[in-house]
Amino acid sequence: MILTETPVVTAGLEAAVRAPSPHNSQPWLFELGPDVIDVVLDEDRVLEVCDPDRREARLSCGAAVLNLELAIAVAGRSCDVELLPRKDRPELLARVVIGSRHRATAAEQRLAASIRARYSNRRPFASTPVPAGFRHAVRQAAREEGAKLILLDEVGLLEAVAGLIRRADHVQMLDEGFQAELRAWTKENGSRDGVPAYAGGPRPSCGLLPVRHYGMSEQSREFERDPVVAVLTTPTDGPLAQIRAGRAMQRALLTATSLGLSASFYSQPMEIPSAHAVLRSLLGDNENPQAVFRLGYGFPGSTTPRRPVDAVIRTRPGEDPR
Ligand SMILES: Cc1cc2nc3c(=O)[nH]c(=O)nc-3n(C[C@H](O)[C@H](O)[C@H](O)COP(=O)(O)O)c2cc1C
């Protein structure tokens, strides 16, 4: 491979693969050329039951693109990013062209430092309220990427969305295909993809939200009674909006991490079309929901593994690999 040895590219790719993805499926490939990294959706890793439309895969790749950019900035280079650069290759989601020297801003450094620190924390959060300034910062992060982060603090809205999440979760519990896919991605400790046993959360003994059950036998625990639930939305929908939503999701998650907050996802209503339609209407029908997650003060957990960079790179079509 031509460029993998260069520290900037290596730093970028190592950051990119730390992006979150549903069931830790890591649905990305990176095609390398001189000063170019193409981010490609890996069709072989799409979750056909949970994510037949590839929304979650595109969100994950969008998050990977933001990580890539931040790491390149901190490694001292600028970059230009073009989303969906080729109509004839819809799986090519982004082209990142590495440019001239760049001095990373304080914000870039702060967010890049959070890439390795971020992880999904599915355990109960402390009841300490999330300060208004922190809520504002996380909302602002999503806005910077053209998305909206709706924190469900309107009376009745949290309860309505939580009820929807519980119903969608119940539907998925009864769905053989969903359960088989979930089991296939629930892995032994030591696997480089999938969700390892230690990353699952306990079932809630009380609280508003169900945790996606990764087959752990841990005893149920009490969750926070007043969770901070965020719905990320975009003004339009479709592949471009979903890649942008992934960037917004990641900027919001990294901002949260940098403020000492934890997060975990509740995608059940995103994965059942009728529930997605209800979620959309609960938000007033003008917004397109892209992701749902909870924010709060978590007790320390640990990060999950990723496949090594060598397993996710290939040479750009038409480039000489030597
Ligand atoms: C679009 C998307 C949807 C996800 N949905 C869920 C979910 O519904 N429940 C859950 O527990 N985790 C969910 N996750 C979190 C992934 O399982 C997690 O990112 C992956 O296992 C890697 O772990 P990490 O986030 O700790 O790095 C989702 C992640 C993404 C990007």
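What counts and how
- Residues numbered from 1 in each chain as written.
- Predicted model: local features only at pLDDT ≥ 70, side-chain atom pairs only at ≥ 80, totals over all residues.
- Heavy atoms only, no water.
- Helix = DSSP H or I, 4+ residues; strand = E, 2+ residues; numbered from the N terminus.
- Contact = heavy atoms within 4.5 Å.
- Near = heavy atom within 4 Å.
- Polar contact = N/O pair within 3.5 Å; in protein donor to acceptor, adjacent residues only side chain to side chain.
- Areas by Shrake-Rupley, 256 points an atom, 1.4 Å probe, with all protein chains shown as cover.
- Pairing = 2+ DSSP bridges.
- Axes fitted to C-alpha atoms, helices over the stretch in contact; angles between N-to-C directions.
- Domains from an automatic or database assignment.
- Buried area = accessible area lost by both parts, 1.4 Å probe.
- Salt bridge = Lys/Arg side-chain N within 4 Å of Asp/Glu carboxyl O.

**Side note on the environment of F265**
- Mapped onto the elements of the fold, F265 is located in strand β11 (residues 262-265).
- Ignoring any residue separated from it by four or fewer positions in sequence, one finds F265 in contact with P20, S120, M249, L253, V292 and F293.

**Side note on the site of the ligand**
- Close contacts around the ligand come from 20 residues, with R118, S120, R122, S267 and R306 the closest.
- Taking F265, its main chain carries an N or O atom lying 3.3 Å from a nitrogen atom of the ligand.
- Between T304 and the ligand, the recorded distance is 3.1 Å, taken from a side-chain N or O atom to an oxygen atom.
- Within the complex, the protein chains bury 99% of what would otherwise be the 620 Å² of accessible surface of the ligand.

**Section: the sheet that holds strand β13 (residues 313-315)**
- The five strands lie next to each other as β3-β4-β2-β1-β13, forming an open sheet whose pairing is mixed. Strands with a single pairing partner mark the edges of an open sheet, and in this sheet they are β3 (77-83) and β13. This sheet shows a mean twist of 25 degrees between the axes of neighbouring strands, independent of strand direction.
- As paired strands, strand β2 (residues 36-41) and strand β4 (residues 92-101) are joined by five bridges and run antiparallel to one another.

**Quick look at the domain arrangement of the protein chain**
- Annotation of the protein chain at the domain level lists domain 1 (7-117 + 305-315) and domain 2 (132-296).
- For domain 1 versus domain 2, the distance between C-alpha centres works out to 21 Å.
- Facing the 36 residues of domain 1 at the interface are 40 residues of domain 2.
- Together domain 1 and domain 2 conceal approximately 3,200 Å² of surface at their shared face, both sides included; 63% is due to carbon and sulfur atoms.
- In terms of surface lost to domain 2, no three residues of domain 1 exceed H23, R55 and L59, which account for 24% of the buried area on that side.
- Across the contact surface, domain 1 and domain 2 share three salt bridges.
- Here R55 and D237 are joined by a salt bridge, their closest N and O atoms 3.2 Å apart.
- Taken together, the connections running from domain 1 to domain 2 amount to 13 residue pairs in polar contact (both at pLDDT 80 or more).
- Sort the elements by how many residues they give to the side of domain 1 that touches domain 2 and helix α2 (residues 55-74) lands first, with eleven residues.

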